Amino acid sequence: MATSSVKPRIKLDKKEAKQGDIVEVKALVSHVMETGQRKSADGNVIPRKILNKFTCTVNGKEVFSADFEPAVSANPYIQFKFKATESGPVVLTWIDDDGSKIVGEDSIKVI
Amino acid sequence: ATLGQSITPAFAANNIDEMTKAFTGGAKPVAGKVKLDLPEIAENGNTVPITVSVDSPMTDKDYVSDVIILADGNPNAGVATFHFSPASGVAEANTRIRLANTQNIVAIAKTNDGKFYTASKEVKVTIGGCGG
Amino acid sequence: AGWSRALAQQKLTQADLLRFEQLGNVTLVHVTDIHGQLRPVYFREPSINLGTGDVKGLVPHITGKALLDHYKIPQGSAEAYALAYPDFAALAKSYGRLGGLDRIATIVKAIRAERGDRTVFLDGGDTWQNSFTSLTTKGQDMVDCMALLKPDAMTGHWEFTLGTDRVKELIGQLEFPFLAQNVRDTEWDEPAFEAMRMIERGGVKIAVIGQALPYTAVANPRWMIPNWSFGIRENDLRANVEKARKDGAQLVVLLSHNGFDVDRKLASRVSGIDVILTGHTHDALPAVVKVGKTLLVASGSHGKFVSRLDLDVRDGEVKGHRFRLIPVFSDVIAPDAEMATKIDTIRKPHEKMLGETIGRTETTLYRRGNFNGTLDDVICDALLSERDAEIALSPGFRWGASLLPGQDITREDIYNATAITYPNAYRMTMNGARLKDILEDVADNLFHPDPYYQQGGDMVRVGGLSYTIDVGKPGGQRISDMTLLRTGKPLEPARDYTITGWASVNEGTEGPPIWDVVTNYITKKKVVAPKELQNVRVMGV
Ligand SMILES: [Mn+2]
Ligand SMILES: [Mn+2]
């Protein structure tokens, strides 16, 4: 499905790393994370709509992923680490309940 | 001490036991190795920071593969599941979560060889408002 | 306690109060929780200050005669008056007011003169708020006066009720660091303040780490500081202590606004801290409390005391220490001229207004105590009467100066009990069940057996309502027998009641400022005479 125009904000604690260094990634993305447990003013349940899956790849290889439930806060924040082994793009992908994707990218250089 | 955020009454049916069983396949997690970092008293029940880390060498032979976070007082116990591999380098993740009321947060870690470790912490969701 | 004022004061001299057999190579000087009080005040210490769980019966949870006996302090002595409530009104007439930043200046200067570059002067916070001038100058008066004392560092709590922008602005004016290792920004979870400052004194490298009140964003309006997140953050503290040692610190000092019980627990769990200068819970202890190798200092509040701790630091260890909690008797300590002039300048435009008599009290008015204070009873009565409500709630703040029987109540006295940046006296309806939830919630913040789950205030004060509290019971089960005084009937969970109160942490709270409510009430009433603990029955002590 479509890739959303929402631009996640990503922070790496280093742009260059030595072989085997641990790199910390922080990311924030705008999303309502509607729980499916709330009712609107007219009494109808507001349907669930959350980002349910997050994946990070470095140079095409997955280093971390997560499944989110409705208990994850609006505008989800995620912070994790990976081990630097090769240079390349750091790609972060969130998947919405509706199948759409939010994608953000940074990069790491291994020296 | 006066009026702050509202306290939501506890929900009757929380599925933490089923979710634990589904994750561990019935094995009983052992206390230890898992560290849960949460505030003792939440500043805002809508966004409570949580860090989970697991003591593991994270080598090809010995690593943590998955960590599930559960909450025993929310309408649903499920919060998040983190998936690690030796490429993660460190089994550690941080996110922000919703807590409907004062409750226990539980983390269970699964290792590549099928062992389970756990930790829990009580987080108070308070009305707030006093001071010395 | 039938001493005449002259006789009592003849026995006390400035030299006596400052006498100290110096020791070692470092002197820590600590003040905390001044709460905007530039001038000396009366401040009555609590009758009830209960500890729960492991700290039941330990200092600072013993009061009155028991506290005096514990420290072998004679009843009726000057020290007894400063530290404990018995015979407060009578002893106050003999010994007078305590505090005043000009007297504190005299003490700090005297210690610096004696100890020179071995001295470290630290301010534990709750300095910039809770008087008329600190409120209307948004903390500028306190910043300007404290600047004359040249502190080496400070941390904070009520400072944050000035809001993000003003806090940043004032910190920008300081010639010393505002330290808070436990505050992070809510967006990226990164440190919001300097955590630690390394200073060298007497040839010793000293790491001072700051710890702001962990529950500032719960206890006070979070909307005023939406980008800052607090917490105890033990792991961060451990990392900071390790870093300090790695950077060569031979002495590690935590300048803390955690509250005493939190600091006591913390000292048992985080190793490598030599001294914790505690604050927030306003305890005044005449001796250090030792937890493992860590020394805990509790320096009271309102400028009543200056703590001096001499340390013999060798080989990165404290080999010896000597301590004195110096009571700041304002009639005995000579005011420092420079500070006195500064204070006069700040107060001059307001002096006449602040000195205006509004009424008189026939009994001692005080606030500090777990369950009530006569000063809060007056505030609750004012709220009930002026806001026409069935039940009044007043926050369990630990600050607020005392008044003696027969004393005139001035405008300044009212500000000293109410001056905050969120003063609106609201009026609303609430059902009995919700009100019970609130009392339970606040009780748990005070009596949770684990100090890390306590906020450090006192119990919310009530007017128009009586209740029983069993402090030893678990959360949600402590409060019972809630009775509406107007009817003498039990509170009904489903019925709506009209509630009035002040200091709501909610944004957009409406109503007149609490000082106007209290002023109007006392103006009409002319004389107040609240009696002791009428509405709360305490069990499980
Ligand atoms: Mn204070
Ligand atoms: Mn405080």
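Residues numbered from 1 in each chain as written. Chains lettered and ligands numbered in written order. Predicted model: local features only at pLDDT ≥ 70, side-chain atom pairs only at ≥ 80, totals over all residues. Heavy atoms only, no water.

Student: Can you explain the interface of chain C and chain B? Please cite residues and give values.
Tutor: Taken together, the contact pairs 53 residues of chain C with 27 residues of chain B. In total, chain C and chain B occlude about 2,900 Å² of area from one another, counting both sides; carbon and sulfur atoms represent 50% of this. Ionic pairing is found between lysine 124 of chain B and aspartate 444 of chain C, a salt bridge with its closest N-O pair at 2.9 Å. At the boundary of chain C and chain B, one finds twelve residue pairs in polar contact (both at pLDDT 80 or more). Residue assignment for the side of chain C that touches chain B shows that the elements contributing at least two residues are α10 (216–219), β9 (228–229), β19 (426–431) and α17 (432–447) of chain C. Top contributing element to the side of chain C that touches chain B by residue count: α17 of chain C, with seven residues. Along the lines of polarity and charge, the residues of the side of chain C that touches chain B split into 24 nonpolar, 18 polar and eleven charged. (Contact = heavy atoms within 4.5 Å. Buried area = accessible area lost by both parts, 1.4 Å probe. Salt bridge = Lys/Arg side-chain N within 4 Å of Asp/Glu carboxyl O. Polar contact = N/O pair within 3.5 Å; in protein donor to acceptor, adjacent residues only side chain to side chain. Helix = DSSP H or I, 4+ residues; strand = E, 2+ residues; numbered from the N terminus. Nonpolar A, V, L, I, M, F, W, Y, C, P; charged D, E, K, R; others polar.)

Student: Describe the interface of chain A and chain B, and please don't skip the residues or the numbers.
Tutor: Contact residues are listed per partner, giving 27 residues for chain A and 26 residues for chain B. Across the chain A-chain B interface, the total number found is one salt bridge. Linking glutamate 92 of chain B and lysine 81 of chain A is a salt bridge whose minimum nitrogen-to-oxygen distance equals 3.2 Å. Elements represented by at least two residues in the side of chain A that touches chain B include exactly β3 (22–28), β5 (61–68) and β6 (77–83) of chain A. Strand direction decides the pairing type here: β5 of chain A and strand β6 (residues 78–83) of chain B, joined by four bridges, are antiparallel. Paired with serine 65 of chain A across the strands is histidine 83 of chain B, a residue of β6 of chain B. (Pairing = 2+ DSSP bridges.)

Student: Before we move on, can you summarise the environment of proline 451 of chain C with the specific residues and values?
Tutor: All names here are of chain C. Here proline 451 lies in the loop between α17 and β20 (461–463). Each C-alpha atom, one on proline 451 and one on threonine 186, is 24 Å from the other, the two residues being 265 residues apart in sequence. In this structure, proline 451 is in contact with Asp261, Val262 and Lys265, ignoring residues within four places of it in sequence.

Student: Just give me the short version of the confidence of the model for chain C, but keep the residues and values in it.
Tutor: When pLDDT is averaged along chain C, the result is 96, and 98% of the positions lie at 70 or above. The complex prediction reports pTM at 0.96, with the ipTM value standing at 0.93. (pLDDT = per-residue confidence, 0-100.)

Student: How would you explain the sheet that holds strand β14 (residues 305–314) of chain C if you had to name every residue and give the values?
Tutor: In any sheet, the strands associate via hydrogen bonds between backbone groups, in a parallel or an antiparallel arrangement. Taken in spatial order, the five strands line up as β5-β4-β1-β14-β15 (chain C) in an open sheet, and their pairing is mixed. Unpaired on one side and paired on the other, β5 (153–154) and β15 (317–327) of chain C mark the two borders of the sheet.

Student: Please provide a residue-by-residue account of the pairing of strand β4 (residues 51–58) of chain A, values included.
Tutor: Residues and elements named next belong to chain A. Inspection of the sheet shows β4 paired to strand β7 (residues 88–96) by seven bridges, in the antiparallel sense. Bridge pairing in β7 links cysteine 56 to leucine 92. In the sheet, β4 pairs with β5 via six bridges, with the strands oriented antiparallel. Residue pairing for β5: phenylalanine 54 is matched across the bridge by alanine 66. Remark: two residues form the turn of the hairpin made by β4 and β5, two consecutive strands paired antiparallel; asparagine 59 in that turn has positive phi of roughly 50°.

Student: How would you summarise the pattern of salt bridges if you had to cite specific residues and measurements?
Tutor: All names here are of chain C. The full count for this structure, using the stated rule, is 52 salt bridges over all chains. Between aspartate 450 and lysine 265 there is a salt bridge; the shortest N-O distance is 2.8 Å. Of this pair, aspartate 450 sits in the loop between α17 and β20 while lysine 265 sits in helix α12 (residues 260–269), and the two are 185 residues apart along the sequence. Note that arginine 368 is salt-bridged to aspartate 458, the shortest N-O span being 2.6 Å. With arginine 368 in the loop between β16 (357–361) and α15 (374–386) and aspartate 458 in the loop between α17 and β20, this residue pair connects regions lying 90 residues apart in the sequence. Judged on exposure class, the residue arginine 368 and its partner aspartate 458 are both buried. One connected set of salt bridges, linked through shared partners, spans Arg39, Asp344, Arg347, Glu351 and Glu412. (Buried < 20%, exposed > 50% of the residue type's maximum accessible area, 1.4 Å probe, protein only.)

Student: Give me the nonpolar core: which residues, what numbers.
Tutor: In terms of nonpolar packing, the biggest core is built from 117 residues, with Leu101 and Phe329 of chain C touching the most fellow members. Here this core gets six residues from one element, more than from any other, and that element is helix α6 (residues 101–115) of chain C. (Core = buried A, V, L, I, M, F, W, Y, C linked by side-chain atoms within 4.5 Å.)

Student: I'd like a description of the packing of α6 of chain C against helix α8 (residues 140–149) of chain C, backed by residues and values.
Tutor: Residues and elements named next belong to chain C. Running from N to C, α6 and α8 point in directions that differ by 20°, and their axes come no closer than 9 Å. The orientation of α6 with respect to α8, classified from their angle, is roughly parallel. Seen from above, α6 lies across α8 with right-handed handedness. Contacts from Leu101, Ile104, Ala105, Val108 and Arg112 in α6 reach Met142, Cys145, Met146 and Leu149 in α8. A class-by-class count of the residues in the contact of α6 with α8 yields eight nonpolar, no polar and one charged. (Axes fitted to C-alpha atoms, helices over the stretch in contact; angles between N-to-C directions. Parallel < 35°, antiparallel > 145°, perpendicular 65-115°, else oblique. Left-handed = near helix turned anticlockwise from the far one by under 90°.)

Student: I'd love a proper account of the packing of aromatic side chains, names of residues and values included.
Tutor: All names here are of chain C. Evaluated as defined, the whole model comprises 26 aromatic pairs over all chains. Aromatic side chains tryptophan 128 and phenylalanine 178 sit 6.0 Å apart centroid to centroid with 40° between the ring planes, which places their arrangement in the tilted category. Here the residue tryptophan 128 occupies a position in the loop between β4 (119–123) and α7 (132–136), and phenylalanine 178 occupies one in the loop between α9 (164–173) and β6 (184–185), the gap between them amounting to 50 residues. In this pair, the class of tryptophan 128 matches that of phenylalanine 178, namely buried. Ring centres of tryptophan 158 and tyrosine 422 lie 6.1 Å apart, and the angle between their planes is 10°; this geometry places the pair in the stacked category. (Phe/Tyr/Trp six-rings, centres within 6.5 Å; stacked < 30°, edge-to-face > 60°.)

Student: Hey, could you go over unusual backbone geometry for me, with residue numbers and the actual values?
Tutor: A negative phi angle is the norm for most residues apart from glycine, just as the trans form is the norm for most peptide bonds. Residue proline 60 of chain C is reached from valine 59 of chain C by a cis peptide bond, and omega for that bond is 0°. Following the sequence through the fold, proline 60 of chain C ends up in the loop between β2 (40–41) and α3 (64–70). With a phi close to 50°, asparagine 75 of chain A is a non-glycine residue in the positive phi region. Within the secondary structure, asparagine 75 of chain A is located in the loop between β5 and β6. Of note, arginine 233 of chain C is a non-glycine position whose phi angle comes to about 55°, a positive value. The topology assignment puts arginine 233 of chain C in the loop between β9 and α11 (234–246).

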